[in-house]
Every structure is written in C-alpha cells, then in structure tokens.
Amino acid sequence: MTDPLPNVHVRAEILTQALPHMQRYDQQIVVIKYGGHAMGDPAAAEDFAEDIVLLEQSGVKPIVVHGGGPQIGKMLNRLGIESEFRGGLRVTDEATVEVVEMVLAGSINKQIVGWIAAEGGRAIGLCGKDGNMVRAKRALRTVKDPESNTEQAVDLGLVGEPEHVERGVLDAVLKAELIPVLAPVAYGEDGKTYNVNADTFAGAIAGALRAKRLLLLTDVPGVLDKDKKPIPELSVDDCRRLIADGTITAGMIPKVETCIYALEQGVEAVVILNGKVAHAALLELFTDFGAGTLIRRT
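Named according to an unreviewed UniProt entry, the protein is Acetylglutamate kinase originating from Methylorubrum zatmanii. Here the protein is described in UniProt, under the heading Pathway (unreviewed entry), as follows: "Amino-acid biosynthesis; L-arginine biosynthesis; N(2)-acetyl-L-ornithine from L-glutamate: step 2/4."

1. What about empty space enclosed by the protein?
Applying the stated criterion across every chain, the model contains 1 cavity of 30 Å³ or more. Roughly 50 Å³ of volume is contained in the largest cavity. Counting only elements with at least two residues in the lining of the largest cavity, the list comes to helix H2 (42-57) and helix H9 (280-286). Here the lining of the largest cavity gets 4 residues from one element, more than from any other, and that element is H2. A breakdown of the residues in the lining of the largest cavity according to their chemical character gives 8 nonpolar, 2 polar and 2 charged.

2. Section: the sheet that holds strand S1 (residues 29-34)
The strand order across the open sheet built from 8 strands is S5-S10-S2-S1-S13-S15-S16-S14, with neighbouring strands paired in mixed fashion. In the strand order of this sheet, the two ends are held by strand S5 (123-127) and strand S14 (233-235), each with one partner. Each strand axis lies, on average, 20° off the axis of its neighbour in the sheet, ignoring direction. In this sheet, strand S15 (residues 269-274) lies alongside strand S13 (residues 213-218) in parallel orientation, the contact comprising 6 bridges. Along S15, the bridge assignment pairs Leu217 with Leu273. Helix-sheet contacts for helix H4 (residues 94-118) involve S1, strand S2 (61-66), S5 and strand S10 (179-183), and the interaxial angle to S10 is about 155°.

3. Topic: the environment of Leu79
Residue placement: Leu79 occurs in the loop between helix H3 (69-78) and strand S3 (85-86). For the pair Leu79 and Val99, spaced 20 residues apart in the sequence, the C-alpha separation amounts to 9.1 Å. Beyond its immediate sequence surroundings of up to four residues, Leu79 is in contact with Val99 and Met102.

Rules used throughout
Each chain carries its own residue numbering, running from 1 in the written order of its sequence. In keeping with the model being predicted, local features are shown solely for residues with a pLDDT of at least 70 and side-chain atom pairs are shown and tallied solely at 80 or more, while totals for entire chains, interfaces and linings include all residues. Excluding hydrogens and water, the side-chain figures rest on all heavy atoms present in the structure. UniProt positions are given in the numbering used here, feature names are shortened, and annotations may be inferred rather than shown by experiment. Both site types are read off a 1 Å grid over the protein atoms alone. A 1.4 Å probe that fits but cannot get out defines a cavity, while an open set with protein on both sides within 12 Å along at least five of seven lines defines a pocket; lining residues have an atom within 4 Å of a point. Grid points are joined across faces, edges and corners, and a volume is the space filled by probe spheres set on the points. In DSSP terms, a helix is any run of H or I states spanning at least four residues, a strand is any run of E spanning at least two, and both are numbered starting from the N terminus. Ten residue types, Ala, Val, Leu, Ile, Met, Phe, Trp, Tyr, Cys and Pro, are classed as nonpolar, four, Asp, Glu, Lys and Arg, as charged, and the remainder, Gly among them, as polar. In this description, strands pair whenever DSSP reports at least two bridges between them. Angles shown run from 0 to 180 degrees and are taken between the N-to-C directions of axes, each axis being a line fitted to C-alpha atoms and, for helices, limited to the stretch in contact. By definition, residues are in contact when any of their heavy atoms lie within 4.5 Å.

Here it is in structure tokens:
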C-alpha cells in the first residue's frame, strides 16, 4: 500500500507557498472578466467556479463580469434574426438587443451563479441596469475605408460604452459577503438598453472600485510578440509601442486599451490570460507562476 504522507506534505508545502499571495489580496477587490469562448468547456467552467469560491473564502472580494458573444450569435440564429454588419462589426438593433439582454442578463448570468452555488459559494446575478449601476452612452466606432485609407464613423446602433459607474450597489453586495456576477447590459440617458463590450464593462467596474487586479480571461495565452510567444509583463508605454509597431493587432488592441484605461483609473495591475487553462485565476493570484501577460502603469 502506497504511503499517502509524501503527497500530503507536498500539498501542505503548496499551501504555505500561497500564504504571502493570500495576504497580498486579503480584503482586496479583484475583477475577473470571464469570456464567452472560455465558457464553452464544462470542465473549465467548474474549475472557474471553484476558483471564485476559493478566492472569496480566502478573503479576496471577487467580482465576475461575463461575456457571451458566441451564445448570443447562436440564439440569434435559432430565432431567425439576421444580423447586419457594417465594416465587419455587428449592428445591434432593437430586436438584437432584446436577445442580447435575454442571453447575457438571463441564461448565462444565472448559469454562472448556479455554477458558483454548486461549489458552495453565494453569488448574486446583476446587470448594469440594476440600481443604475452602470450608465452607458452610444459607442463611437470607426473603420478604415479601403479605397480612401481614411477612418470613417460607423453607427452600430445600440452598442454602448460605460459613461458612469455607481459603486454603491456593488459596495453593498460585497459588504453582504456575496459574489457579484455582472452582465454587461446598461441603460443610457435616453432610456434605451445598450449592449456593452464585456472587457470594457469590466475595465470600468475595476476602475470605479480601484480594484487590486483586473483579470481578463479569454481564449489566448496573453499578449503575443511577433514570434507568437506570450509576453510575461508589459508597461503602459510598452503596450502603446507594440500597438504602434503592429505587434498588437486586431481584437487584442481593444483589450489592451481597456487595460490602459483601468490602470489610469487606479487599478494596480491587469492580467490578460487564457481562461481555458485549469484554475487560471488561482495560478495567477496565488502562485509565483504568472498565467498570462501582466500589465502595469510603469
């Protein structure tokens, strides 16, 4: 019969190594954006829920912001709602935003709350409209015209970006030792419902609460260099340089811009990491081994 003690001792050593990290984040707010693509694997979803509950039990104050782009696309197809695209970007009209709210603030939001509950945590599902938590304004987007090579404005309809965050609701939820799970849907001053990019939404929440960390869980291992290898750490100046020289491109540009915004609002550091890696949040926060690209102000 195998002696179990060596394995027990290894586990105890791992816990003692995590202690200084736990002390660093004790009673600190950590905003975690959980991407739509990262939600596709049931085993990864279970790992994620375990991470969130363990963080809360360890004294961290986690706030989850989730996306759901792939799920929205599937529901639009099921309902036979055809999407209009301008400059390669989806236009959100009245019919589309109803589906967006149903999927994000409804099915996905409550599914994540259920996952956390199944692991013994106490979560509450909210969206930006609840308690006027987040007020949005119509987002301005531009695309490059291939003929003139100039940037032209594109109207994407009910696509919004955060204009103001009222932190009172979140302060009350955290004080009650509940885990907020937030869907990126918000009201505008015009009374309309806006679909907000989940990264941008998470950045605004993290900035308003001066979070210790903002983690952007996605389906890539972080910011990649020109050889497609992950970059362990960057400063804001590094990020701007890599955007300018074309190293950071496409969908990574708005993610990095969200990181810069959050840092400028007082977030200590931001990490872009692969949400499909088992226990990615724990690896990043409670070990010496970073699980993605860490971005700091300097």
